[in-house]
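Read off the chains here:
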Amino acid sequence: MAVITDMVDLNIQDGIAVLKIKNPPVNALSKGVRDGLYEGVKQANADDSAKAILIICVGRTYIAGADIKEFGRPPQGTSLFDVHKEMENASKPVISTIQGTALGGGLETALCSHYRVAVTSAKFGLPEVHLGILPGAGGTQRLPRVVGVEKALNMMVGGKPVNAKFALENGLIDEIVDDLFEGGMAFAKKVAGKGEVLPKVRDYDEHLVVAKADTELFDRYRKKIARKTRGFDAPEAIIQCVEDTLRLSFDEGIKAERNRFMKLVKSQKSEAQRYYFFAERLANKIPDVPKDTPTIPVNSLGMIGAGTMGGGISMNFVSQGIPVVIVEHEQEALDRGLAVVRSNFMRGVKRGRVTEEQVDQMMSLYKPSLNLEDLADCDMIIEAVFELMDIKKEVFTKLDGIAKEGAILATNSSALDVDEIASVTKRPEWVLGTHFFSPANIMRLLEVVRAEKTSKTILATVMGLSKKIGKVPVVSGVCPGFIGNRILFKRGEQANKLILEGTMPWNVDDVVYDFGLPMGPFAMADLAGLDVGWDPRISKSQTIRDVLCENGRRGQKTGKGYYNYDPETRAKTPDEGVKELILEFSEKMGITRREFSKEEILQRCIYPMINEGARILEEGMSQRPSDIDVVWVNGYGWPTYRGGPMFYADTVGLENVLAKLKEFQEKDQDDFWQPSAMLEKLVSDGKNFRDLN
Ligand code: 3HC
C-alpha cells in the first residue's frame, strides 16, 4: 500500500487501484485530500497492474464538499480543477463509490468520475446555495448535462439532496450496490479493460438540446423561486450559470462559473451564511457538558395539552416513531386536537412526502387520555398548558407525584421562570424548559432552557433528542422570554413608540421586511392575534393595541388588526381608520409627531435587539453570541445572509451601534437606550461579538 498523503492512500487489489480517502468526520476536500487524489489518480493511471481506479471513502460518508474552513484563506496545494481534470482524462475507468452524502465539491468530484455506484441510503446534492455560493467546481455545468436543466436548477437553487432512487433514475449513478466495497469492486471489474470510450459528463448534450426548445424555462423558474429567494444573491448566479450551459461551450461555462463563484465567496452575504453554518453546529456544544456525558433513552413521551402547541410538539415525536400519551381535560378537546394533527400529516400526503399508510402508522402511536395518571410510564413529559405560573405549578406538583423516577419533566413555557416551576417538585434536577416555536411541527428552533438545578445528563439527553426530532437546539438560561422573546419584546417596545411618535405600522413593517425578515412587528402581531394577553374586562384604551382590540380589530383571525385582510387571499392593506386612530391617540397623549427616515426606523428596531442580546450575554443567559443568531434565524426568520443580529452588529461596527444608542438616549431622554456594559466593554477593547464565540 502506498501512502499518498495523510488523507489518501493507494492500494492495488485484484487489478483495481483502490484510492482510499480518510478525512473524518465528513471527508471534506481539504488540501491533503486534493493532493492525494491528484497524485493517487496519476500513479494509478501509470501503473500497468491496475485496470480501473476505485475511489472510496472511509467512515460514514463519501466526500461531503469542499472544506468550508479553507474559504477566505489563500489557496494551497492542488486545485480541485486539476484533480478533476486528472480524473476525467484518466485512460482507465475511474469509479466513485458513494455512501452517506455526496455533497457540493463531493458530488462535483463524483461527476468527474466516469462511473458512480452508491448504496441505497446515499444522498446526493449541491447545497452550496445555503452557504451563499454556487457549485464552483463544475457542478453548474455538469449537473444539468446529467439530470436535465430543470431538475438541476431545483437541486442547486433549492439545495436539497436527492436519494439514490432518484439518482439512479436520472443518471447520477450507474448502479445501486448492497456492499460499498464489494459492489464497487465488482462494478470496477465489469468496466475495466472494456476498451470503450470512457463516458465524460462534460460531453453529454441530450438534455441541453431539450432545454433549448423551451424558451420560457428560465423566466418561469425565476418567477417560481422569487419569493423564497428574496435578498439572496446565489440563486440568481446559479440560474445564470445554468443558462450558460445553453449558450457557451463547456470550458467557457466553467470560466464564467468560476468568476461568479469568486464574486459570491468574497461577498458579505456568503460570509454571513458560512458563519451561520458553523454557528448552528456550535450551538450544540455546551462547555461544561462534554460530548461523552451519559444520556438516558427516551422511548416514550407524555404530552399534556392537545392544542396548537401540544399537537405540533407531539407530531415531532411520532414522526420519529416515538409513542405519545396525549392528555387533555375533555374528550372534545382531545378529539379536536388529534383531528388537527391528522389533517396536518395529511398535507404531507398531498405533497407526496408521506403515504397515507405512514400517517395511519404515526396516528397509531398516540394514546389519547383524559387522565394525567396515564403518564406514569413515560420517559419524558412535556406540558403545554396555559401560560400562567399558577397553572404550571399545579401541573408540575401533580406530575411529581405521578411520573416515574427517572422521567424528564419539561415545560413548554415561552417566558416563565423555569426555576420556580421546578421548585414545586422534589426532583428539580429532572426539570427543564423545552420552548418550541409555532407551528411546532415545522419550526426548527428549540430553546432548551437550562434551569439552575437541571442535571447535565438531562441536558445532554434533550440536546441529542432535539437533533433526532429534527430541531436545532439552543441552550438558554432562565430569564423572562428566554433568548428569542426577550429580544423580540425590546423590538416590539420600540416599534410601538415609533408609531406613537410619528410613523405608521406599515412604514415600520416595510423597513423590517426590506431588511430581509419575513414580516414586520405589526404584521407579526396581527398574525399572532392582538388579543393574546389582552383582557377585555380591564382594558381601558391605554395603548393602541387596547383600542384596536376594543374595536374588534384583533388581528388576522378577525380579518382586521393593524391592517385589513382580504378574506380569500389574506393579503394585507393599510387602513385609513387605523391611521386616524393612531393620530388621535398620539394627540391624546400630548405627543408632537415627527418624521422618521427609513434608516432611523431600522436602527430603532434593530439596535435595541443588539443591546438586549449583549445584556443576555452579560448575564450568561446565552452561551455565546452565535447562539443568539441561531435563535433569531430559526425562530423568527432573520435572513441568514445577515448572519443574525449579533453578526449584523459586527458588520455595522459595534462602535457605530454604541454611538447610536447613546444618541437616541440623549434625544429621547429614555433609559431604554442605556447601552449594556458588555457592548461598552467590547468597544473599549476593540473587539467584536465574533471574538466571543
Ligand atoms: N467543511 C468543513 N467542515 C465540515 C464540512 C465541510 N464541508 N461539513 C461538515 N463539517 C464539519 C462540521 O462543522 C462539524 O464539525 P464539528 O463536529 O466540529 O461541529 C462536523 O463536520 C460534522 O458535521 P455535522 O454536525 O453537520 O454532521 P451531520 O452528520 O449532522 O451532517 C453533513 C453531515 C450532511 C455532511 C453536514 O455536515 C453538511 O451538510 N455539511 C456541509 C455540506 C456542504 O455544504 N457541502 C458543500 C461545501 S461548499 C463546496 O463544496 C464548494 C464547491 O462547490 C467548490
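The shown structure was predicted, so the numbers you read here are calculated from the model rather than taken from an experiment. (Residues numbered from 1 in each chain as written. Predicted model: local features only at pLDDT ≥ 70, side-chain atom pairs only at ≥ 80, totals over all residues. Heavy atoms only, no water.)

Undergrad: Is there a simple way to think about the pairing of strand β15 (residues 408-411) in this case?
TA: Within a regular strand, the side chains alternate between the two sheet faces. Residue alternation in β15 divides its side chains into two sets, Ile-408 and Ala-410 and Leu-409 and Thr-411, and both sets are buried. Pairing geometry for strand β14 (residues 380-383) and β15, over four bridges, is parallel. Within the sheet, the bridge partner assigned to Glu-383 lies in β15 and is Thr-411. On the question of chirality, the crossover connecting β14 to the parallel β15 by way of helix α16 (residues 389-402) is right-handed. As paired elements, β15 and strand β16 (residues 431-436) share three bridges and run parallel to each other. Bridge assignment links Thr-411 to a residue of β16, and that residue is Gly-433. (Buried < 20%, exposed > 50% of the residue type's maximum accessible area, 1.4 Å probe, protein only. Helix = DSSP H or I, 4+ residues; strand = E, 2+ residues; numbered from the N terminus. Pairing = 2+ DSSP bridges. Right-handed = clockwise from strand over helix to strand, strands pointing away.)

Undergrad: Explain the packing of aromatic side chains to me, please; I cannot follow it from the model alone.
TA: Aromatic ring pairs are described here by two measures, namely the spacing of the ring centres and the angle between the planes. Under the criterion given, the structure shown has 16 aromatic pairs. Their ring planes at 55 degrees and their centres at 4.9 Å tell us that Phe-664 and Trp-673 sit as a pair that is tilted. Ring-pair connections join several aromatic residues into one group, and the members of that group are Phe-437, Phe-515, Trp-632, Tyr-636, Trp-638 and Tyr-648. The positively charged end of Arg-642 is found above the aromatic ring belonging to Phe-515, 4.2 Å away from the centroid. (Phe/Tyr/Trp six-rings, centres within 6.5 Å; stacked < 30°, edge-to-face > 60°. Lys NZ or Arg CZ within 6 Å of the ring centre and 35° of its normal.)

Undergrad: Can you help me understand the pairing of β14 in this one?
TA: Neither face of β14 is open: one carries Met-380 and Ile-382, the other Ile-381 and Glu-383, and all of them are buried. Two elements, strand β11 (residues 301-304) and β14, share four bridges in a ladder whose sense is parallel. Looking across to β14, one finds that Met-303 is bridged to Ile-382.

Undergrad: Just checking my understanding: could you explain the site of the ligand for this structure?
TA: Every one of the 24 residues lining the ligand counts as a neighbour, but Arg-60, Glu-108, Glu-128, Arg-281 and Lys-285 are closest to it. Gly-136 places a polar main-chain atom, nitrogen or oxygen, 3.0 Å from an oxygen atom of the ligand. A distance of 2.6 Å separates an oxygen atom of the ligand from a polar atom in the side chain of Arg-281. Protein burial of the ligand: of its 990 Å² of free accessible surface, 78% is covered by the chains. Secondary-structure elements contributing two or more residues to the shell around the ligand are β6 (101-103), α3 (105-110) and α12 (268-282). Top element by residues in the shell around the ligand is α12. It accounts for three residues. Its residues assigned to classes, the shell around the ligand comprises 12 nonpolar, five polar and seven charged. (Near = heavy atom within 4 Å. Polar contact = N/O pair within 3.5 Å; in protein donor to acceptor, adjacent residues only side chain to side chain. Areas by Shrake-Rupley, 256 points an atom, 1.4 Å probe, with all protein chains shown as cover. Nonpolar A, V, L, I, M, F, W, Y, C, P; charged D, E, K, R; others polar.)

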